[in-house]
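Residue strings, one per chain:
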Amino acid sequence: MFKKVLVPVDLSEPDFIQQALKLALREVRENDAELHLITVVPGFGNSLVASFFSEREHQKAVTEVARKFKALASEIVPEDIKPVLKVYEGSPAEMIVRYIRKQGVDLVLMSAHHRSKVDEFLLGSVSARVAERAGCSVLLLKS
């Protein structure tokens, strides 16, 4: 049924994706689908943040994120599955939605944080924004 399955990964909370990844792997195996894992590095596009880092430091940080992401993927994804791994910079919700549209993702599986109403109002919710704008099936898992 689904041919491209996406699990966004927050590298600051890698254990948070376990349930989503478990379901994604089942879907990938049952439907001979592609597994896509992406992570988004926020902040460097912001001019205020960029003013504190040189381009060299910026590239070093992004390279380190990519290294950690690849290492995490090799730990959590079984060897028989070859995921598509991508690292992006920018707003997590915006970059996830762009990726969904560009790659023709059929299904997104992601965990949703339990946040207070004040946090949701002030910070927003990446999962809520993705669900609203994805244009494909999105399964949000409460953890």
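This part covers the sheet that holds strand E3 (residues 84-89). One open sheet accounts for 5 strands, arranged E3-E2-E1-E4-E5; its pairing is parallel. Looking along the sheet, the strands with just one partner apiece sit at the ends: E3 and strand E5 (137-142). If you compare each strand with its neighbour and ignore which way they point, the axes differ by 25 degrees on average. Summarising the sheet, strand E4 (residues 107-112) and E5 pair through 6 bridges and their orientation is parallel. From the neighbouring strand, Ser 111 faces E5, where its bridge partner is Leu 141. Helix H6 (residues 126-133) rests against E4 and E5 of the sheet, and its axis sits at about 155 degrees to E4.

What counts, and at which threshold
Residues numbered from 1 in each chain as written. Predicted model: local features only at pLDDT ≥ 70, side-chain atom pairs only at ≥ 80, totals over all residues. Heavy atoms only, no water. Pairing = 2+ DSSP bridges. Helix = DSSP H or I, 4+ residues; strand = E, 2+ residues; numbered from the N terminus. Axes fitted to C-alpha atoms, helices over the stretch in contact; angles between N-to-C directions. Contact = heavy atoms within 4.5 Å.

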